[in-house]
Amino acid sequence: MTALAPALHDSATMLRRNLRHMVRYPSLTLMLVGMPVVFLLLFVYVFGATLGAGIGGGRGAYVDYVTPGIILMTMAGAATGTAVSVSMDMVEGIVARFRTMAISRASVLTGHVVGSVLQTLLSMAVVVGVALAVGFRPNAGPLEWLAVLGVLALFVFALTWLAVALGLAAKSVETASNTPMPLMLLPFLGSGFVPTESMPAGLRWFAEYQPFTPVIETLRGLLFGTPIGNHAAIAVGWAVAIALGSYLWARRLYDRDPSR
Amino acid sequence: MSNPPTAPAPAVAATGLRKSYGSHTVLDGVDLRVAAGTIFALLGPNGAGKTTIVKILTTLIGADGGDVTVAGHDLAREPDAVRAAIGVTGQYSAVDKFLTGAENLILMADLHRLGKAEGRRRAADLLERFDLTDAAGKPAATYSGGMLRRLDLAMTLVGDPRVIFLDEPTTGLDPRSRRTMWQIIRELVAGGVTIFLTTQYLEEADELADRIALLDHGRLIAEGTAEELKRLVPGGHVQLRFADPDGLAAALDALGTGSLDDDALTLRVPSDGGVRSLRGLLARLDDRSIEVAALSVHLPDLDDVFLTLTGRPGDDPKDPR
Ligand SMILES: Nc1ncnc2c1ncn2[C@@H]1O[C@H](COP(=O)(O)OP(=O)(O)OP(=O)(O)O)[C@@H](O)[C@H]1O
Ligand SMILES: [Mg+2]
């Protein structure tokens, strides 16, 4: 056995625990899917014709335009859910018990992360399904779809570690449900719903440099063949930086002495 | 080691344990020594620092000072070796409420890497032993307080710990459940494990523990067997009962001290309850050929001990939470 094997074993055990929670109490997962679906329908059927005209098409063109933004919105919503469930879990006595056991310390966190990543990917799949039903028509081949999955998985992984850290940092569950809120706004303050060129200068600068925009642009490129440029590299860079920083932060928060 | 080779290593040894929260000193130099295979009770009122000690000894929080070894391992240097040897049932329930009783036990078995078949077997055994078989498939959130407490302890036992910490194991249990818990604790010790328990109930410490330490405001104020502690305080007496009022009067005359109860024909004589003083007492009655119908020795109980040592009763009313 390598030194890694026990850690993997414990993480798998913790993952089973988290998946069981999700299956037994599906309301959180349903909410994570429901909210972006409502936004998708709202933006397609209420604002779609007008906004579509703004990008030189109609409602159909706008479905194609907005779906990547809605996918990232799903991700941001799921991050809130993760932060809340981590912060709720930490006050449960069972986590105190885990801390007195000779198990891999990170396993409690990796169980949450892997569970949430799977949950988020599943939610996103449902959202994409609904988008396809209302007229989303990408022209991507299997390879491009695989790349889409890869980019999304990487970014979900990064945001989930961030959410875990925010959940650990929060002193209460309310705080944990509020601190990831700004993530929900990022698709709006980027190229998710309208092109950044239509924004005033300061906002436009922010929109172009924030991490969600390169991800959205990479998705558009893979799904519709629009130019990707250096967006993909920047998106991966953001993901790696967020994942690493958040992982280290989360580990530190989890390892701190709860009495100090 | 300075220990003579015959002395077995203690299961828990702590010296000079200190802990404060800000300027509030919670533990002020506590020394503890628990022999392997015994029950040790840490007795103290609300806020005395019992949970703080348990949390430190079980690696949950760090102390500000002091040396601790648990199961032969230094707490600061080898926390994982300590964790591998101990089992903890904290004051507040440490079960996963979303999982069923059986799933909670299997979770523990998986974390102890018992393997699937052995884990299931162990879970089934423990459910049976703790009378939880009927509730095994129900989420722990639906369990009563007593069932949660039993599940909690069952989870602690999955890994066969050598040293078990129980923080107020019977608080909130009804008298019958409390007796059941006591029985379980006795069986565990009979199996060779060491038990470190905390309690606010003087009766419980008296009933279970080989040695008792009294904790008050973060300091140990007394330590010893229940008998030793009771002997620390005055208040013990011998009660003598006589067949007739003449015997009663003669006895009072012979002993020169004591309080009479004419209706019950009893005489209460102050005594430390020791054999020597009893023998002396009986000899003086014998000298005058006074027949004693019945004799009973009343040692002070631990309530008296607490009252004497701290100047206030042991069981303060529970904090409102
Ligand atoms: N995290 C904390 N921050 C500040 N003070 C604390 C903290 N935890 C405990 N204390 C204080 O330490 C003291 C001892 O607490 P502890 O929980 O060890 O008492 P206890 O003997 O277990 O009491 P109880 O019988 O009520 O469980 C109390 O005065 C408590 O207010
Ligand atoms: Mg306590």
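Chain B is annotated in an unreviewed UniProt entry as ATP-binding cassette domain-containing protein from Actinomadura rayongensis. Under the heading Sequence similarities (unreviewed entry), UniProt records this for chain B: "Belongs to the ABC transporter superfamily. Drug exporter-1 (DrugE1) (TC 3.A.1.105) family." Looking at the Subcellular location (unreviewed entry) heading of the UniProt record, one finds this comment for chain B: "Cell membrane".

Per an unreviewed UniProt entry, chain A goes by Transport permease protein and derives from Actinomadura rayongensis. Quoted verbatim from the Sequence similarities (unreviewed entry) field of the UniProt record, the comment on chain A reads "Belongs to the ABC-2 integral membrane protein family."

So, the coordination of the magnesium ion (ligand 2)
All names here are of chain B. Around the magnesium ion (ligand 2), the protein contributes the donor atoms Thr51 (OG1) and Gln91 (OE1), at 1.8 to 2.1 Å from the metal centre. In this pair, Thr51 is assigned in helix 1 (residues 50–57) and Gln91 in the loop between strand 6 (86–89) and helix 3 (101–111), connecting sequence segments 40 residues apart. Like Thr51, the residue Gln91 is buried in the burial classification.

Details of the pairing of strand 2 (residues 24–34) of chain B
All names here are of chain B. In the sheet, strand 1 (residues 12–21) pairs with strand 2 via eight bridges, with the strands oriented antiparallel. Bridge pairing in strand 2 links Lys19 to Leu27. A loop of two residues connects strand 1 with strand 2, the two strands running antiparallel in sequence, and Gly22 in this loop sits at a positive phi of about 60 degrees.

Things to note about the confidence of the model for chain B
All names here are of chain B. Per-residue confidence for chain B gives a mean pLDDT of 88; residues scoring 70 or more make up 92%. Helix 11 (residues 302–310) is the least confidently modelled element of chain B, averaging 70 in pLDDT, while helix 3 averages 97, the highest of any element. Contacts for the low-pLDDT stretch residues 314–321, under 50 throughout, to residues beyond four places or in other chains number 14 contacts.

Topic: helix 6 (residues 107–133) of chain A
Taking 1.5 Å of rise per residue, 27 residues should cover 39 Å, and helix 6 of chain A covers 39 Å from first to last C-alpha, within 8% of that figure. In the segment just after helix 6 of chain A, A:Gly135 is the residue with positive phi, at about 110 degrees.

As for the UniProt feature "domain: ABC transmembrane type-2" (unreviewed entry) in chain A
On the UniProt side, "domain: ABC transmembrane type-2" (unreviewed entry) is annotated at positions that read residues 27–257 of chain A here. End C-alpha to end C-alpha, residues 27–257 of chain A measures 33 Å, and it is 78% helix and 0% strand.

Concerning helix 9 (residues 245–255) of chain B
All names here are of chain B. Gly247, Leu248, Ala251, Ala254 and Leu255 are the residues of helix 9 that are buried. Relative to the axis of helix 9, the buried residues are bounded by an arc of 130 degrees and lie together on one face. For helix 9, the exposed residues set more than 90 degrees away from the buried face come down to Pro245, Asp246 and Asp253. Each element contacted by the buried residues of helix 9 is listed here: strand 11 (237–241), strand 12 (259–261), strand 13 (266–270) and helix 10 (275–287). Following helix 9 by one or two positions, Gly256 adopts a phi angle in the positive range, close to 75 degrees.

A short note on the pattern of salt bridges
A side chain with one charge may pair with a side chain of the opposite charge, provided their charged atoms come close. All names here are of chain B. Under the counting rule described, the total for this entry stands at 24 salt bridges over all chains. The salt bridge involving Lys50 is made with Glu168; its shortest N-O contact spans 3.7 Å. Placement of Lys50 in helix 1 and of Glu168 in the loop between strand 7 (163–167) and helix 6 (175–190) is noted, with a sequence separation of 118 residues between them. With respect to burial, Lys50 and Glu168 carry one shared label: buried. In the salt-bridge network here, residues are joined through shared partners; they are Glu118, Arg121, Arg122, Asp125 and Asp160.

Focus on the packing of aromatic side chains
Residues and elements named next belong to chain A. Counted under the stated rule, the structure contains 14 aromatic pairs over all chains. Ring plane angle 25 degrees and centroid distance 6.2 Å describe the contact between Tyr62 and Tyr65, whose orientation is recorded as stacked. Of this pair, Tyr62 and Tyr65 both sit in helix 4 (residues 59–91), separated by three residues, roughly a single helical turn. Neither Tyr62 nor Tyr65 differs from the other in exposure class; each is buried. Pairing Phe155 with Phe212 gives two aromatic rings, centres 5.7 Å apart and planes at 80 degrees, and the pair type is edge-to-face. Placement of the pair is Phe155 in helix 7 (residues 142–169) and Phe212 in helix 11 (residues 212–224), with a sequence separation of 57 residues. Residue classification places Phe155 among the buried positions, given a relative accessible area of 2%. An aromatic cluster is present here, built from Phe39, Phe43, Phe47, Phe188 and Phe193 joined pairwise through their rings.

The rules behind these values
- Residues numbered from 1 in each chain as written.
- Chains lettered and ligands numbered in written order.
- Predicted model: local features only at pLDDT ≥ 70, side-chain atom pairs only at ≥ 80, totals over all residues.
- Heavy atoms only, no water.
- UniProt positions renumbered as here; feature names shortened; annotations may be inferred.
- Donors = N, O, S within 2.8 Å, 3.2 Å for Na, K, Ca; no water.
- Helix = DSSP H or I, 4+ residues; strand = E, 2+ residues; numbered from the N terminus.
- Buried < 20%, exposed > 50% of the residue type's maximum accessible area, 1.4 Å probe, protein only.
- Pairing = 2+ DSSP bridges.
- pLDDT = per-residue confidence, 0-100.
- Contact = heavy atoms within 4.5 Å.
- Expected span 1.5 Å × (residues − 1).
- Arc of directions from axis to C-beta.
- Salt bridge = Lys/Arg side-chain N within 4 Å of Asp/Glu carboxyl O.
- Phe/Tyr/Trp six-rings, centres within 6.5 Å; stacked < 30°, edge-to-face > 60°.

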